[in-house]
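# Working through the structure, step by step
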Amino acid sequence: MERRHARYPFLDDARRAVGNAEFDLQSLAADERVRERASERVERALDDGTVGEPSRDTRVELLSYPLARVLVSLVDEHVLTRKYARAEAATAHDRLADAENRRELKSARTERLTSEELLTEFDLATDVHADGDGYRVAVGAYLPLAADMRGEEWRLVNRALSDGEVSISATDLAELLRKAIERRVAEGLPLSVPDGIADALKSTVAEIRERLAELDLTREIDTVVPDRFPPCMKALLDSVQKGEHLPHHSRFAITSFLASIGMSTDEIIDLYMVNPGFGEEMTRYQTDHIRGETSPTEYSPPSCATMQSYGDCVNMDDRCETISHPMAYYEQALDDADEELTDWRDDEGENEADADA
């Protein structure tokens, strides 16, 4: 095992080093030092977006990574998986920058991982080429990595495109590589964990679940106030109410958002009835699938970056600049309301009662 493997445990070489050491998960779960470091990686990801200070013991540091992935899998909460993958990627990004600043030191040279090596690691070497102070990236390689990046500058329409290549800066390349690392870390999660290992880690998993609950990262909302919707969802809802045809990604976005804020399948179907191509059976099936009623996954609304990549991010306001997800926008908008909010569904009930009278 090399220190470099411990610093960058997502590398294929690091995975092979673990495999060659012939450690099994049962022994890792029973190793107190490895278990504590693995737990620290996960809890620090929740607390401050890092994985904490590395262990001085190369073995403990490297082996804590696969065990941390097991812990994340056992908790099996999407918000934790996302935060953990981002924390590992952010830590790797910082270590890469630190090694670059200390490249003249012998110790740093042996641990250093270059951008060129990372490009090869992620099969991007033939798609990225140096161009003066920056780089040119094949558009086919750029789009998947930039799809979830926050900020208008990542949209293809805001980039110089020539001969199928996108011009980016060295800083941009580092950010794209961080996204590649994040995806590598999240790849395959949640893992299928044998019952014996799950039992051995039960108390550690319980502690992480408790920490997750304390952070209130999965707040439930059951209030429908369209005036407080993020601009993107206001626009999509307006299109639905006008009976306009929505592309699949837009329909998914507004349906998953409405389901996430407490609307029932029947209430959502009522909205779509004005659509010329409305089919109740198909709409019910799609809505129940998104809600997790007829599928193993309860789908969350797309992030702001994904909304941007599909062209659904419109009419951005000041609040949009401070958040990265439509649900975060809506939560803040509800919290910041000065007046008492009336649920849209209550208003409709009153209007129907007035009409009957």
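Residues numbered from 1 in each chain as written. Predicted model: local features only at pLDDT ≥ 70, side-chain atom pairs only at ≥ 80, totals over all residues. Heavy atoms only, no water.

With that out of the way, let us pick up the overall build of the protein chain. Per the secondary structure count, the protein chain includes 19 helices and 4 strands. Counting only residues that meet the buried cut, the protein chain has 43% of its 357 residues in that class. A fraction of 71% describes how many contacts in the protein chain between residues 6 or more apart in sequence connect residues 24 or more apart. For the protein chain, the computed accessible surface area is about 18900 Å², with 45% contributed by carbon and sulfur atoms. (Helix = DSSP H or I, 4+ residues; strand = E, 2+ residues; numbered from the N terminus. Buried < 20%, exposed > 50% of the residue type's maximum accessible area, 1.4 Å probe, protein only. Contact = heavy atoms within 4.5 Å. Areas by Shrake-Rupley, 256 points an atom, 1.4 Å probe, with all protein chains shown as cover.)

A few words on the pattern of salt bridges. It is possible for side chains bearing opposite charge to pair when their charged atoms get close. Scanning the entire structure with this criterion turns up 23 salt bridges. Glu-117 is paired through a salt bridge with Arg-4; the nearest N and O atoms lie 3.2 Å apart. Pair noted here: Glu-117 is in helix α8 (residues 115-121) and Arg-4 is in helix α1 (residues 3-7), with a separation of 113 residues, a long-range link. Residue classification places Arg-4 among the buried positions, given a relative accessible area of 18%. Here Asp-31 makes a salt bridge to Arg-59, at a shortest N to O gap of 2.6 Å. Taken as a pair, Asp-31 in the loop between α3 (25-30) and α4 (32-48) and Arg-59 in helix α5 (residues 58-75) lie far apart in primary sequence, 28 residues in all. Overall, Asp-31 belongs to the buried group, its relative accessible area being 17%. (Salt bridge = Lys/Arg side-chain N within 4 Å of Asp/Glu carboxyl O.)

One ladder, built from 5 bridges, connects strand β2 (residues 134-138) with strand β4 (residues 165-169); its direction is antiparallel. Counterpart to Val-137 in the pairing with β4 is Val-166. Here 2 bridges tie strand β3 (residues 161-162) to β4, and the two strands are oriented antiparallel to one another. Looking at β4, one finds that Ser-162 is bridged to Glu-165. (Pairing = 2+ DSSP bridges.)

Another point: the sheet that holds β3. If you trace the 4 strands from one edge of the open sheet to the other, you get β1-β2-β4-β3, paired in antiparallel fashion. Because the sheet does not close on itself, it has two edges, and the strands there are β1 (128-131) and β3. Lying on the sheet, helix α9 (residues 139-146) is in contact with β2, β3 and β4; it crosses β2 at an angle near 95°. (Axes fitted to C-alpha atoms, helices over the stretch in contact; angles between N-to-C directions.)

Glancing now at unusual backbone geometry. A cis amide bond links Leu-189 to the next residue, Pro-190, at an omega of 0°. Its location among the elements puts Pro-190 in the loop between α10 (170-186) and α11 (195-200). One non-glycine residue, Asp-123, adopts positive backbone phi at about 55°. Among the secondary structure elements, Asp-123 is positioned in the loop between α8 and β1. One non-glycine residue with positive phi stands out, namely Asp-163, at about 55°.

If a probe the size of a water molecule is rolled over the atoms, the empty space left behind becomes visible. This model, assessed by the stated rule, comprises 3 cavities of 30 Å³ or more. Approximately 90 Å³ is the volume attributed to the largest cavity. When the residues that make up the lining of the largest cavity are grouped by side-chain class, the tally is 12 nonpolar, no polar and no charged. (1 Å grid on protein atoms, 1.4 Å probe; cavity = no way out; pocket = protein on both sides within 12 Å on 5 of 7 lines; lining within 4 Å. Points joined across faces, edges and corners; volume = space filled by probe spheres on them. Nonpolar A, V, L, I, M, F, W, Y, C, P; charged D, E, K, R; others polar.)

The next subject is the packing of α9 against α10. Running from N to C, α9 and α10 point in directions that differ by 65°, and their axes come no closer than 9 Å. Considered as vectors, α9 and α10 are oriented roughly perpendicular to each other. The two elements α9 and α10 meet at a crossing, and its hand is left-handed. Only Leu-176, Lys-179, Ala-180 and Arg-183 of α10 make contact with α9, whose side of the interface consists of Tyr-142, Pro-144, Leu-145 and Ala-146. The class makeup of the residues in the contact of α9 with α10 is 6 nonpolar, no polar and 2 charged. (Parallel < 35°, antiparallel > 145°, perpendicular 65-115°, else oblique. Left-handed = near helix turned anticlockwise from the far one by under 90°.)

Turning our attention to the environment of Ser-324. Within the secondary structure, Ser-324 is located in the loop between α17 (304-309) and α18 (326-335). Here the alpha-carbon distance between Ser-324 and Cys-304, two residues 20 residues apart in the chain, equals 5.3 Å.

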